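Working through the structure, step by step
Chain by chain, the residues:
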Amino acid sequence: MNCWASRGVVGFVSLVLVLSAGLLASCDKGGLPTETASNKGIGATGVSSRPFGAAADGKKVELFTLTNARGHAMRVTNYGGIITGLDVPDRDGKVADVVLGFDTLDGYLGKSPYFGAIVGRYGNRIAGGKFTLDGNVYMLAQNNGPNCLHGGLKGFDKVIWQAEARQTPQGPALHLSYVSADGEEGFPGELTARVVYTWTNRDELRVEYSATTTKPTVVNLTQHSYFNLAGAGNGDILGHKLQIFADGFTPIDPVFIPTGEIRGVAGTPMDFRRPHAIGERIGAADEQIRNGLGYDHNFVLRTAGSAGLSRAVRVAEPKSGRVMEIWTTEPGIQFYSGNFLDSTNVGKGHKVYHKNYGFCLETQHYPDSPNRPAFPSCVLRPGQTLRSVTEFRFSAE
Ligand code: GLA
């Protein structure tokens, strides 16, 4: 069997990359087509892959590079479905990698605050690590004080996903799937989760989530990339101008659990209906800012409940002119201003990530929904398919 056939679709797409580059890739010992020095960064459309080390259990991990028709690359590993790099041009066409992360797998295996990862089964917090569904009480892994955060001790950010590369008319894509056993981290039902990343030829990252279950369960899948539109490691994000299309938010108590109230943003530091610099009110004498140690809040999107993709966010970095819009089918978005970044993470290119060096905008159902019947439901039952789509659209002004 030749090296292309041995990897099925991945091999085929890598072949597309190589043919469109007019160059030959080499095969490593494992039969994987690898990037050669000569075809790196040449902007050929397609997907290439290379070994990215091994997880704690010895399982091999790969790093995929998706290059769109504009020659811009996105890098993703099948460990945690982590987006390790995303190259986006500024107003002069100068490309920078706008997501925080590490150069090697070891960084992600160590103390990574969910950099770039797929988060599941339940993104955000479930109070007391406990919920009741159909009269049954479920105890979950408690990994955040008494709470269950981002799926527990070993969430979807720390598992190896099955990966398959595809070339689509819209751009290169990576299909990821993971089967989570019944009872994993305390959650009921065997859950089959799928995430498709498409890095489109228009510099849009489309993320499509789907999931099915064998027993009634709760699911909340999201993407935990930390962005800095000036480039990862190039200073803090406090000057970014952020607009969130939300009239309300879910206030939190001092352990980050929603009180159940949906409060209007008007007259508060949470009012991003018009663009504001992230740093403008981040030090305000405000109970919610104090409880979140900055911004760490779920916003109730104006379009919650409507069908199709709606615009949730527009964020612009004034110096580079880079702009990111987020469009989603989800009813909420967690805006987290990187408050726990504490200079202990040495990221790509040996750059240190200090407090507020990145922000996350995690499209989602509201935190603690399993214990809050008034919030939109995140219950998934056998026979149903969860579907959720989010797009991160990049441009420059
Ligand atoms: C989230 C939470 C934050 C924090 C980070 C990870 O987005 O809302 O409180 O836990 O993840 O450090």
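Up top is the structure these notes are about.
The rules we used
- Residues numbered from 1 in each chain as written.
- Predicted model: local features only at pLDDT ≥ 70, side-chain atom pairs only at ≥ 80, totals over all residues.
- Heavy atoms only, no water.
- Helix = DSSP H or I, 4+ residues; strand = E, 2+ residues; numbered from the N terminus.
- Buried < 20%, exposed > 50% of the residue type's maximum accessible area, 1.4 Å probe, protein only.
- Contact = heavy atoms within 4.5 Å.
- Areas by Shrake-Rupley, 256 points an atom, 1.4 Å probe, with all protein chains shown as cover.
- Near = heavy atom within 4 Å.
- Polar contact = N/O pair within 3.5 Å; in protein donor to acceptor, adjacent residues only side chain to side chain.
- 1 Å grid on protein atoms, 1.4 Å probe; cavity = no way out; pocket = protein on both sides within 12 Å on 5 of 7 lines; lining within 4 Å.
- Sits in = over half its atoms within 2 Å of the grid points.
- Nonpolar A, V, L, I, M, F, W, Y, C, P; charged D, E, K, R; others polar.
- Pairing = 2+ DSSP bridges.
- Points joined across faces, edges and corners; volume = space filled by probe spheres on them.
- Salt bridge = Lys/Arg side-chain N within 4 Å of Asp/Glu carboxyl O.
- Core = buried A, V, L, I, M, F, W, Y, C linked by side-chain atoms within 4.5 Å.
- Phe/Tyr/Trp six-rings, centres within 6.5 Å; stacked < 30°, edge-to-face > 60°.
- Axes fitted to C-alpha atoms, helices over the stretch in contact; angles between N-to-C directions.

Remarks on the overall build of the chain
On a plain count of helices and strands, the chain comes out with four helices and 31 strands. Buried positions account for 57% of the 397 residues belonging to the chain. Expressed as a percentage of contacts within the chain between residues at least 6 apart in sequence, the contacts between residues at least 24 apart total 65%. As displayed, the chain offers around 15400 Å² of accessible surface, 52% of which is attributable to carbon and sulfur atoms.

Looking at the site of the ligand
Taken together, P113, Y114, R125, L149, H150, H224, Y226, D296, Q334, Y336, F340 and E362 are the residues near the ligand. Here H224 contributes a side-chain N or O atom positioned 2.9 Å from an oxygen atom of the ligand. For the ligand, whose free accessible area comes to 300 Å², the fraction covered by protein is 94%. In this structure the site holding the ligand corresponds to the largest pocket. For the shell around the ligand, a count of residues per class yields six nonpolar, three polar and three charged.

Observations concerning the sheet that holds strand β19 (residues 241–244)
Sheets are built from strands that pair by backbone hydrogen bonding, the pairs being arranged parallel or antiparallel. An order of β13-β14-β15-β16-β31-β25-β24-β19-β22 is seen for the nine strands of this open sheet, with the pairing classed as antiparallel. Unpaired on one side and paired on the other, β13 (162–168) and β22 (276–277) mark the two borders of the sheet. Strand direction decides the pairing type here: β19 and strand β24 (residues 310–316), joined by four bridges, are antiparallel. Within β24, the residue paired with Q243 across the bridge is R314.

A closer look at the layout of surface pockets
One way to see where empty space is left: roll a probe the size of a water molecule over the atoms. Of the volumes computed, that of the largest pocket is approximately 570 Å³. Forming the walls of the largest pocket are 29 residues, and the residues nearest its centre are S112, P113, Y114, L149 and Y226. Residue assignment for the lining of the largest pocket shows that the elements contributing at least two residues are α3 (105–109) and β26 (332–336). Here the lining of the largest pocket is composed, by residue class, of 14 nonpolar, eight polar and seven charged.

Concerning the environment of I289
Relative to the helices and strands, I289 is located in helix α4 (residues 287–292). Taking the C-alpha atoms as reference points, I289 and T268, 21 residues apart in sequence, are found 9.7 Å from one another. Leave out the neighbours within four places in its chain, and I289 touches P269, M270, R281, I282, A284, G294 and Y295.

Description of the pattern of salt bridges
Enumeration according to the criterion identifies 19 salt bridges in this entry. A salt bridge links D87 to R75, with the shortest nitrogen-to-oxygen separation between them at 2.9 Å. With D87 in strand β6 (residues 83–89) and R75 in strand β5 (residues 73–77), the pair connects residues that are 12 residues apart, well separated along the chain. The salt bridge involving D247 is made with R302; its shortest N-O contact spans 3.1 Å. Residue D247 is located in strand β20 (residues 246–250), and its partner R302 is located in the loop between β23 (296–301) and β24; the two are separated by 55 residues in the primary sequence. Classification of D247 by relative accessible area gives partly exposed; the value is 35%.

So, the pairing of strand β4 (residues 60–67)
A regular strand carries its side chains on alternate faces of the sheet. When you tally the buried positions in β4, you get seven out of eight residues, the bulk of the element. For strand β3 (residues 46–54) and β4, the ladder comprises seven bridges, and the chain directions are antiparallel. Bridge pairing in β4 places R50 opposite L63. Following β3, the chain reverses through five residues before pairing antiparallel with β4; G58 in that reversal takes a positive phi of roughly 90 degrees.

Focus on the nonpolar core
Grouped together as the largest cluster of nonpolar side chains are 59 residues, with contacts concentrated most on Y197, I244, F299, M324, F335 and F394. Tallying contributions element by element places strand β15 (residues 191–199) first for this core, with five residues. Apart from the residues within four sequence positions on either side, F394 is in contact with L86, V88, V98, W199, R202, D203, F227, L229, V323 and M324. Counting residues in hydrophobic clusters, the runner-up holds 19 residues, among them I82, A117, A232 and Y353.

Topic: the packing of aromatic side chains
For the structure shown, the criterion picks out 21 aromatic pairs. Ring geometry for F156 and Y178: centres 5.3 Å apart, planes at 70 degrees, overall edge-to-face. In this pair, F156 is assigned in the loop between β12 (148–149) and β13 and Y178 in strand β14 (residues 171–180), connecting sequence segments 22 residues apart. Grouping residues by exposure puts F156 and Y178 together as buried. Ring centres of F272 and F335 lie 5.9 Å apart, and the angle between their planes is 85 degrees; this geometry places the pair in the edge-to-face category. A residue pair is termed long-range when its members are at least 10 positions apart, and F272 in the loop between β21 (263–264) and β22 and F335 in strand β26 qualify at 63 residues.

Here we look at the sheet that holds β3
What the five strands build is an open sheet, ordered β3-β4-β5-β6-β7; its pairing is antiparallel. Both edges of this open sheet fall to β3 and β7 (95–97), since each of them pairs with a single strand only. Averaged over all pairs of adjacent strands, the angle between strand axes in this sheet comes to 20 degrees, irrespective of strand direction. Where β6 meets β7, three bridges bridge the pair, whose relative direction is antiparallel. Each bridged residue has a counterpart across the sheet, and for V88 the counterpart in β7 is A96.

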